[in-house]
Amino acid sequence: MKNKKFSLRERVNSFKYAFNGLKILLLEEHNARIHSLAAIVAIALGFILKISHREWLWIMLAIALVFTTEMINTAIETICDEITTESRPGIKKAKDVAAGAVLVTAVFALLVALFVFVL
Ligand SMILES: Nc1ncnc2c1ncn2[C@@H]1O[C@H](COP(=O)(O)OP(=O)(O)OP(=O)(O)O)[C@@H](O)[C@H]1O
């Protein structure tokens, strides 16, 4: 793979696959819809309250982190379900740790919103 020649078409396809991943997340994952709604509300509030550039950076970081962990969580869940649907302690551990990562970033995003919009 490493010695393959550079191909613009393959690079464009990589972007297509990545956007497809985002589309799958938004269409199929209920949590992602809730996070999208929260992101839209935060962006709207940012414009309404005319927050500073620095505050926008925190809001964008929070949104990006939540979506990134949500996507990695979905990828891990999907791989786990492809491996087996039988009850396995290792699968439970992987899924719960991945879900925990989403929780950590969601709490971080809530704290950012609290600091930017309330305090
Ligand atoms: N194959 C498995 N073996 C053991 N535990 C599992 C397995 N699949 C899921 N679990 C556990 O069952 C619980 C629910 O799993 P599930 O995959 O439905 O996650 P979820 O977060 O409820 O799903 P979603 O993200 O789609 O809302 C979690 O604690 C998960 O770790």
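Residues numbered from 1 in each chain as written. Predicted model: local features only at pLDDT ≥ 70, side-chain atom pairs only at ≥ 80, totals over all residues.

S.K.: What exactly am I supposed to notice about the site of the ligand here?
M.R.: Near the ligand you find E77, T84, T85, E86, S87, R88, I91, K92, K95, D96 and A99, and these make up its full shell. The element best represented in the shell around the ligand is helix α4 (residues 89–118), accounting for five residues. Taken together, the residues of the shell around the ligand sort by class into two nonpolar, three polar and six charged. (Near = placed C-beta within 6 Å. Helix = DSSP H or I, 4+ residues; strand = E, 2+ residues; numbered from the N terminus. Nonpolar A, V, L, I, M, F, W, Y, C, P; charged D, E, K, R; others polar.)

S.K.: Would you take a moment to explain the packing of helix α3 (residues 53–83) against α4 for this structure?
M.R.: In the contact formed by α3 and α4, the axes pass within 9 Å of each other and the chain directions differ by 165 degrees. On the basis of the axis angle, α3 is roughly antiparallel to α4. Where α3 crosses over α4, the two elements pack in a sense that is left-handed. Split by residue class, the contact of α3 with α4 holds 20 nonpolar, three polar and four charged. (Axes fitted to C-alpha atoms, helices over the stretch in contact; angles between N-to-C directions. Parallel < 35°, antiparallel > 145°, perpendicular 65-115°, else oblique. Left-handed = near helix turned anticlockwise from the far one by under 90°.)

S.K.: Help me out: how do you make sense of the environment of W56 in this one?
M.R.: If you trace the backbone, W56 turns up in helix α3. Judged by local crowding, W56 falls into the partly exposed class, with 14 C-beta atoms found within 10 Å. On a C-alpha basis, the gap between W56 and V41 in space is 13 Å, while along the polypeptide they are 15 residues apart. Discounting chain neighbours no more than four positions away, the residues touching W56 are G46 and I51. (Buried ≥ 20, exposed ≤ 12 C-beta atoms within 10 Å, placed from the backbone. Contact = placed C-beta atoms within 7 Å.)

S.K.: Hey, could you run me through unusual backbone geometry in this one?
M.R.: Both trends apply: most residues other than glycine have a negative phi, and most peptide bonds are in trans. For K50, which is not glycine, the phi dihedral falls at a positive 50 degrees. Note that K50 resides in the loop between α2 (30–48) and α3. A tally of 7 C-beta atoms within 10 Å means that K50 is categorised as exposed.

S.K.: Looking at this model, I keep getting lost on the UniProt feature "binding site: a divalent metal cation" (unreviewed entry) in the chain. Mind explaining?
M.R.: On the UniProt side, "binding site: a divalent metal cation" (unreviewed entry) is annotated at positions that read E29 and E77 here. Taken together, the annotated residues stretch across 49 residues yet fold into one region, lying no more than 11.3 Å apart by C-alpha. Looking at where E29 falls in the secondary structure, it is placed in the loop between α1 (8–28) and α2. You can call E29 partly exposed: it has 17 C-beta atoms within 10 Å. Inspection of the secondary structure assignment puts E77 in helix α3. Setting aside residues up to four positions removed in sequence, E77 forms contacts with K95 and A98. (UniProt positions renumbered as here; feature names shortened; annotations may be inferred.)

S.K.: Explain the environment of L26 here, please?
M.R.: Mapped onto the secondary structure, L26 falls in helix α1. Exposure remark for L26: the 13 C-beta atoms within 10 Å place this residue in the partly exposed category. A sequence separation of 36 residues divides L26 from A62, and the C-alpha atoms of the two residues are 17 Å apart.

S.K.: How should I be thinking about the UniProt feature "transmembrane region" (unreviewed entry) in the chain in this particular structure?
M.R.: In the numbering adopted here, UniProt assigns the feature "transmembrane region" (unreviewed entry) to residues 32–51, 57–76 and 97–118. The distance from the first to the last C-alpha atom of residues 57–76 is 28 Å, and the span holds 100% helix and 0% strand.

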